[in-house]
Amino acid sequence: MKKIILTTATVIVIILAALTAATIGYTRSSDYTSDSLPDNTTVNGIDCSGMDYAEATDKLSEAWNSRTIIISGNLNEELARFTDFGFTYDIDAPVKDIKKDNLILAAANHYFKTPLSVSIPMIVSDFSFEFKQAVTSSDFLHRGTATVSRDAYVDLEDPDFPIIPEVYGTSSDTEKFFNRLIHHIQLGDIRFIFDERDYYTMPEVTADDEDLIDYQKYCRKYLKQKITYKLGNESFTISAEQLDKLLADDHSGKAEEEAVAGYVKELAAKYDNVGGKREFTSLTGYKVTVEGGTYGWMIDQEKETKKLINDINSHKNVTRKPVYSAEGYGEYSRDMGNTYIDVDITRQTVTYFKNGEQKFTSKCVTGCQATGTTTDIGAYYILNKVTDVVLRGDNGDGTEYESPVKYWLGVTWTGEGFHDADWRNKFGGDIWKRNGSHGCINMPPKVMPEFYRMIDVGIPVVNHY
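Rules of the game
Residues numbered from 1 in each chain as written. Predicted model: local features only at pLDDT ≥ 70, side-chain atom pairs only at ≥ 80, totals over all residues. Heavy atoms only, no water. Axes fitted to C-alpha atoms, helices over the stretch in contact; angles between N-to-C directions. Helix = DSSP H or I, 4+ residues; strand = E, 2+ residues; numbered from the N terminus. Left-handed = near helix turned anticlockwise from the far one by under 90°. Contact = heavy atoms within 4.5 Å. Nonpolar A, V, L, I, M, F, W, Y, C, P; charged D, E, K, R; others polar. Expected span 1.5 Å × (residues − 1). Buried < 20%, exposed > 50% of the residue type's maximum accessible area, 1.4 Å probe, protein only. Arc of directions from axis to C-beta. Polar contact = N/O pair within 3.5 Å; in protein donor to acceptor, adjacent residues only side chain to side chain. Patch = residues over 30% accessible without salt bridge, like charges linked within 9 Å, V, L, I, M, F, W, Y side chains within 5 Å. Areas by Shrake-Rupley, 256 points an atom, 1.4 Å probe, with all protein chains shown as cover. Salt bridge = Lys/Arg side-chain N within 4 Å of Asp/Glu carboxyl O. Lys, Arg positive; Asp, Glu negative; His and termini not counted. Charge placed at Lys NZ, Arg CZ, Asp CG, Glu CD. Pairing = 2+ DSSP bridges.

Can you help me understand the packing of helix α7 (residues 129-136) against helix α8 (residues 174-187) in this one?
Pairs of packed helices are described in terms of their axes, by the angle between the two and the distance that separates them. Here α7 crosses α8 at 115°, and the two axes come no closer than 10 Å. As α7 packs across α8, the resulting crossing turns out to be right-handed. On the side of α7, the interface is formed by Phe131, Lys132, Val135 and Thr136, while α8 contributes Thr174, Glu175, Phe177, Phe178 and Leu181. Class assignment of the residues belonging to the contact of α7 with α8 gives a composition of five nonpolar, two polar and two charged.

Laid out in structure tokens, this is it:
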């Protein structure tokens with residue numbers, strides 16, 4: 001018995017020694033060191049005999065992409081099928097290492113021409129947007145009766161800030177399905193059983209989440225504050241949701257300066273109207289559209305930011321108007337309000353309204369159309385009022401003029417304004433088209449004193465056609 005055991009062990013040793021010697025010999029052969037796969041080689045069931053590594057990689061990729069994967073339901077019904085994957089595979093290294101990783105089989109192939117059949121992982125490194133879109137938009141992933149899962153959240157519209165519980169829906173997580181599909185394709189598994197329950201989207205935040213409960217406490221402590229802006233007939237209160245965005249992320253209840261500055265910038269973009277476009281029905285009864293000028297309201301963003309930060313940090317309710325760097329007459333208005341001077345260039349009239357009532361009207365002569373010195377269009381205001389002044393300027397032909405007037409109401413910083421014009425004996429009509437002013441609004445001397453007395457600095461002026 002001992003002799004038999006000894007003889008068997010000797011044979012095994014001899015065989016192992018022979019295999020080792022043969023394997024070592026193979027690793028020194030040109031067949032092993034070449035950049036090609038041996039003859040009679042199949043990889044993942046695909047014939048790659050004699051191909052160099054790049055050729056084998058391309059063939060494997062092409063063959064794998066041309067497969068068809070069938071998606072079936074629980075009752076074995078076909079739901080969809082996909083082919084022409086167009087994937088890019090990370091298989092360069094596994095292909096190059098086939099002989100090394102399967103050394104004994106490769107050596108046997110070398111010496112005895114036995115088949116070399118191996119498997120390598122077809123790892124997907126990239127895919128096309130079009131293929132993913134085709135998969136994730138499939139009908140079976142978007143059933144009409146499916147409901148969407150929803151995280152638990154604090155209801156910021158309810159003054160008590162209750163926690164609204166999570167909802168478990170039945171809609172499919174398409175990203176999860178697509179990743180599972182890639183896994184099947186990598187394994188070469190062309191039959192995919194789809195159970196929709198495995199892909200339900202799940203809420204990530206539940207009503208008993210400690211962070212959510214802490215957030216509710218924070219809301220109840222800091223988001224009850226009411227900061228209300230009043231802009232003439234318009235008013236609004238910063239919502240709890242918006243206030244939350246203006247507070248620091250650390251839930252300290254302190255204002256976040258950068259966020260507040262951004263919010264104030266948005267306020268200015270919405271409500272600033274100096275030089276902005278105005279469309280309204282004038283109290284004269286005509287539709288008016290003007291743009292440009294110096295009249296209106298403009299929020300002082302730097303001061304308003306500081307003011308709002310202080311308001312937020314006080315945690316007290318506040319009602320106020322914004323801090324303005326420029327203010328119009330009376331309360332904020334997007335048009336001209338009900339107290340202003342209407343200069344109708346088309347009809348050559350000046351009409352003054354106070355608190356909605358007409359207090360004055362007169363014919364006038366505005367800037368000359370023929371020479372191009374027309375009166376500036378837009379919304380302005382009375383800059384100053386002066387008596388007994390001399391108006392000086394350029395006639396446009398190289399000469400200069402000097403015109404003494406008794407009453408002056410300045411309108412623009414370029415020198416336009418209302419004044420008496422005793423050198424004219426007619427006003428209104430079409431005079432302005434060929435014999436108009438240098439831009440000023442010429443008024444009849446007999447009505448100018450009355451007009452001058454009733455007008456205050458700051459009263460709006462709208463020049464329009």
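When you look at helix α3 (residues 53-65) in this model, what are you seeing that I'm missing?
Structural remark: α-helix, 3.6 residues per turn; residues separated by three or four positions point the same way. Its 13 residues give α3 an end-to-end C-alpha distance of 18 Å, which sits within 8% of 18 Å, the value for a rise of 1.5 Å per residue. Within α3 the residues assigned to the buried category are Tyr53, Ala56, Thr57, Leu60, Ser61, Trp64 and Asn65. Looking straight down α3, one finds that the buried residues subtend no more than 155° of arc, so they occupy a single side. Exposed and oriented more than 90 degrees from the buried face of α3 are Asp58 and Glu62. With a side-chain oxygen lying 3.2 Å from the backbone nitrogen of Ala54, the N-terminal cap of α3 falls on Asp52.

Sorry, what's going on with a negative patch on the surface here?
Together, Glu55, Asp58, Glu62, Asp90 and Asp92 line one region of the surface with negative charge. Among the secondary structure elements, Glu55 is positioned in helix α3.

What am I meant to see in the side chain of Asn44 here?
With respect to the helices and strands, Asn44 occurs in the loop between β1 (41-43) and β2 (46-47). Here the side chain of Asn44 touches Ile120 through a polar contact of 2.9 Å, landing on its backbone nitrogen. Residues contacting Asn44, with those up to four places away along its chain left out, are Trp64, Arg67, Val118, Ser119, Ile120 and Met122.

What is the right way to read the sheet that holds strand β24 (residues 417-420) from this model?
Strand pairing in a sheet takes place through backbone hydrogen bonds and is either antiparallel or parallel in direction. Taken in spatial order, the four strands make up an open sheet running β22-β23-β24-β25, and their pairing is mixed. Edge positions in the sheet fall to β22 (384-394) and β25 (441-443), since each has one partner strand and no second. This sheet shows a mean twist of 40° between the axes of neighbouring strands, independent of strand direction. Note that β24 and β25 share three bridges and pair parallel. The residue of β25 that forms the bridge with His419 is Asn442.

Would you explain the environment of Val323 in this entry?
Residue placement: Val323 occurs in the loop between β16 (318-320) and β17 (324-326). For the pair Val323 and Asn233, spaced 90 residues apart in sequence, the C-alpha to C-alpha distance is 17 Å. Setting aside residues up to four positions removed in sequence, Val323 forms contacts with Ile299, Asp300, Lys303, Glu304 and Lys307.

Whenever I open this one, the sheet that holds strand β11 (residues 227-231) confuses me. Can you help?
In spatial order, the strands read β12-β11-β16; together these three strands make up an open sheet with mixed pairing. Of all the strands in the sheet, the pair left with one neighbour each is β12 (234-237) and β16. Pairs of neighbouring strands in the sheet enclose a mean axial angle of 10°, with direction left out of account. Across three bridges, the pairing between β11 and β16 is parallel. Considered in β16, the bridge of Ile227 is made with Val318. Lying on the sheet, helix α11 (residues 257-271) is in contact with β11 and β12; it crosses β12 at an angle near 160°.

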